[in-house]
Amino acid sequence: MVSIAADRVSVSLGGRHVVREVSAALTPGRLVGVLGPNGAGKSTLVRALLGLVPHHGNVTIDGIARTAMSRAAIAQAVAYLPQGQVLHWPLTVARLVALGRLPHLAPFSRLADSDHAAIDHAMARAGVTSLADRLATELSGGERARVLLARALAVEAPALIADEPLASLDPAHQIEGMELLRAEADAGRLVVAVLHDLTLAARFCDRVLVMAEGALVADGAPRHVLTAELLARVYGITAYFGEGATPMLVPLDRLR
Amino acid sequence: MTRRWLWPALILAMLVAGVLGVGIGSTSIAPGRALAALAGHGDPIERAILIELRLPRAILGLAVGAMLGLAGAALQGYLRNPLAEPSVLGASNGAALGAVVALYFGIAEWNAVALPVLAIAGALVTLAALFALAGRSESPLTLILAGIAVATLTGAGISLALNLSPNPFAAMEIMTWLLGSLEDRSFRHVLLALPCIAIGIVLLAGQGRALDALTLGEDGAAALGIDLRATRMRLMLGVAIGVGGAVAVSGAIGFVGLIVPHLVRPLTDRSPSAVLWPSALAGAALLALADVAVRVIPATNELKLGVVTAFLGVPVFLVHLMRERRLW
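Residues numbered from 1 in each chain as written. Chains lettered and ligands numbered in written order. Predicted model: local features only at pLDDT ≥ 70, side-chain atom pairs only at ≥ 80, totals over all residues.

Trainee: What exactly am I supposed to notice about the overall build of chain B here?
Mentor: When helices and strands are tallied, chain B shows 14 helices and zero strands. Along chain B, helices (α) and strands (β) appear in the sequence α-α-α-α-α-α-α-α-α-α-α-α-α-α when read from the amino end. Taken over C-alpha atoms, the radius of gyration comes to 20 Å for chain B, in line with the 20 Å a tight globule of 328 residues would show. Considering only C-alpha atoms, chain B reaches an extent of 65 × 50 × 40 Å along its principal axes. Across the 328 residues that make up chain B, the buried fraction comes to 51%. Sequence separation of 24 or more characterises 78% of the internal contacts of chain B that already satisfy a separation of 6 or more. (Helix = DSSP H or I, 4+ residues; strand = E, 2+ residues; numbered from the N terminus. Rg over C-alpha atoms; globule rule 2.2 N^0.38 Å. Buried ≥ 20, exposed ≤ 12 C-beta atoms within 10 Å, placed from the backbone. Contact = placed C-beta atoms within 7 Å.)

Take a look at the structure:
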């Protein structure tokens, strides 16, 4: 079980303050949604958590300063699914998912039975077992998104950071994707997902971090955080709030 | 999946190329006599031809070919660019400039190894320049740009030497060397080149996993635990030392490093790591065979190896690319 804590993390890219003093303690067994409009700094924040972008402030993984950890140790603790990944070689799906086992491979060794089991399991959970022998570069956008999710699951790390895992998925697969992330969290892992769908975020997340212009403007349980006032302030929209057991949040109009 | 016959076939091709390299030349020596000469009780002249002329040439053909093939595969994987070849980092041009300096100032006439030694020094100087330009960044793009800058500058140095050469013969000598050849290479050349090539091969062949992870981009690779900076460092050192050492003894031999990974890739699972060793083996076999072809093709002057690899390579490459892209 892994927890990740950010203490006043700031990122400047090209003189612009993309992330401003974000602090949050993320604990195991939770599904945490990161919300916010385009350009709010969501992706940069999660990249800063992983140390993929230079930043100010401290990040600790399980109480250990991330800067004191090796790349390999971070890779074993936190799996990462980047946004809009480009695949550079026409690998088969099975070979691509197998890349997720790299953090666990000892030097000069081949994939062990346990690795193959992890790969098969990850492909089954993401629903891409039937695609195993297809070339990943020739899949549809949605199929590829699920294959890349399988690649991240194959790491079997105690924490998973997924940047827009639902992009280009149809409604059924979006729900399936959220169920998968929910199950990961219920199994005791920490799952951080950058999301755009407010209803799915409200329905599946334990906690949402809402960002605007690089700052963390709200942090808490979705039903407390996602209010009409916040949506107006952050997204500049009005929304319909459905009453009932499952939260529903439908964006209606832009505020001008 | 990598084809099961790939490795045995490539090793066999390499052995055949090596045997042909020792067996075939301008003097024909029957296999029985050749074996006797190699075993130490044959005609001393034939023995000298086989051991002092053909054997180092065959060894260099295999080693240089392996280095170029591997460097091409590693660079294509690292830069994620199918057009990458061993010369993109400027090491080939740097080595060539060192050699040209040796020829220009007549240093090459003092000692047979003066030229390759200066060539290796040239490769190391370009490596230092590459470090200065791209040493701190993690991005492959910076490395390509720095490599192009260094390669162009050293290329300009070669042009300058040609421009200023005191007489046509000096210019001719430089041009001839630049065409690339393994003619009249001795065991001293082997001793100079082999350690460099061995270092290069070890550094590059060990990068398979990092190159595989880079299929997912730099963020993806870093999140899989790959130290991008260390990867880049090993790659730069491997290419500069290995390719520098190879070019120092052979001259500039084009196309092998570009073509070989493309020929091998469809026979593997196409991951960068799976292409590395087969590219080395195929490069060795290809260059050693081309060097045999050079000796067999009748011509008034012996054809230069670099010329033959380009002529053989380009059509093969084109046909192959068209097939791969399903244009034919």
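Trainee: Explanation requested: the nonpolar core in the structure shown.
Mentor: Inside soluble globular proteins, nonpolar side chains tend to come together where they are buried. The biggest cluster of nonpolar side chains holds 191 residues, and the ones touching the most others in it are A:V34, A:V97, B:M67 and B:A99. At 17 residues, the largest contribution of residues to this core is made by helix α3 (residues 44-79) of chain B. Other than its neighbours up to four places away in sequence, A:V97 contacts A:I119, A:A122, A:M123, A:V147, A:A150, A:R151 and A:A154. (Core = buried A, V, L, I, M, F, W, Y, C linked by C-beta atoms within 7 Å.)

Trainee: Could you clarify how one ought to interpret helix α13 (residues 272-296) of chain B in this entry?
Mentor: It helps to recall that an α-helix has 3.6 residues per turn; residues three or four apart then point in one direction. Residues and elements named next belong to chain B. The first and last C-alpha atoms of α13 sit 35 Å apart over 25 residues, in line with the 36 Å expected at 1.5 Å per residue. The axis of α13 is deflected most strongly, by about 30°, at P278. With 22 of 25 residues buried, α13 lies mostly within the body of the structure. (Expected span 1.5 Å × (residues − 1). Bend = angle between axes of the 7 residues up to and from the residue.)

Trainee: Please clarify how the interface of chain B and chain A should be interpreted in this entry.
Mentor: How large an interface is tends to be reported as the accessible area lost when its parts come together. Across the contact, 19 residues belong to chain B and 20 residues belong to chain A. Looking at the side of chain B that touches chain A, the elements that each hand over two or more residues are α9 (208-213) and α10 (217-223) of chain B. For the side of chain B that touches chain A, the per-class residue count stands at seven nonpolar, five polar and seven charged. (Nonpolar A, V, L, I, M, F, W, Y, C, P; charged D, E, K, R; others polar.)

Trainee: Please explain the pairing of strand β11 (residues 237-242) of chain A as it appears in this structure.
Mentor: Within a regular beta strand, the side chains point alternately toward one face of the sheet and then the other, so they alternate between its two faces. All names here are of chain A. Note: β11 against strand β12 (residues 248-254), six bridges, orientation antiparallel. Looking at β12, one finds that I237 is bridged to R254. Where β11 folds back onto β12 in an antiparallel hairpin, the turn is made up of five residues, including G244, whose phi is positive at roughly 140°. (Pairing = 2+ DSSP bridges.)

Trainee: Any chance you could explain the environment of B:Q207 here in plain terms?
Mentor: All names here are of chain B. Residue position: Q207 is located in the loop between α8 (187-205) and α9. Between the C-alpha atoms of Q207 and A222, which are 15 residues apart in sequence, the distance is 14 Å. Every residue in contact with Q207, bar those within four places of it in the chain, is listed here: A74, T231, R234 and L235.

Trainee: Explain the sheet that holds strand β1 (residues 4-13) of chain A here, please?
Mentor: Neighbouring strands of a sheet are bound in pairs by backbone hydrogen bonds; such pairs are parallel or else antiparallel. Residue and element names in this part refer to chain A. Taken together, four strands build an open sheet; the order of strands is β2-β1-β4-β5 and the sheet is antiparallel. Edge positions in the open sheet fall to β2 (16-26) and β5 (64-65), since each of these has one partner strand only. Sheet topology places strand β4 (residues 56-61) next to β5; two bridges connect them, and they run antiparallel. Bridge assignment links I61 to a residue of β5, and that residue is I64. In the packing of helix α1 (residues 42-49) onto the sheet, contacts are made with β1, β2 and β4, and the angle to β1 comes to roughly 120°. (Axes fitted to C-alpha atoms, helices over the stretch in contact; angles between N-to-C directions.)

Trainee: Would you explain unusual backbone geometry in this entry?
Mentor: Peptide bonds are, in most cases, trans, and in most cases residues other than glycine have a negative phi. Residues and elements named next belong to chain B. In this structure, D184 is a non-glycine residue whose phi angle is positive, near 55°. With respect to the helices and strands, D184 occurs in the loop between α7 (168-179) and α8. One non-glycine residue, R270, lies in the positive phi region at around 70°. Here R270 lies in the loop between α12 (256-264) and α13.

Trainee: Any chance you could explain the packing of helix α2 (residues 31-39) of chain B against α3(B) here in plain terms?
Mentor: When two helices pack together, their arrangement is captured by the angle between the axes and the distance separating the axes. All names here are of chain B. One can describe the packing of α2 onto α3 by two numbers: an axis separation of 9 Å at closest approach and a directional angle of 80°. With respect to α3, the element α2 is oriented roughly perpendicular. Between α2, through R33, A34, A37 and L38, and α3, the contact on the second element is made entirely by E46, R47 and L50. Across the contact of α2 with α3, the residue classes break down as four nonpolar, no polar and three charged. (Parallel < 35°, antiparallel > 145°, perpendicular 65-115°, else oblique.)

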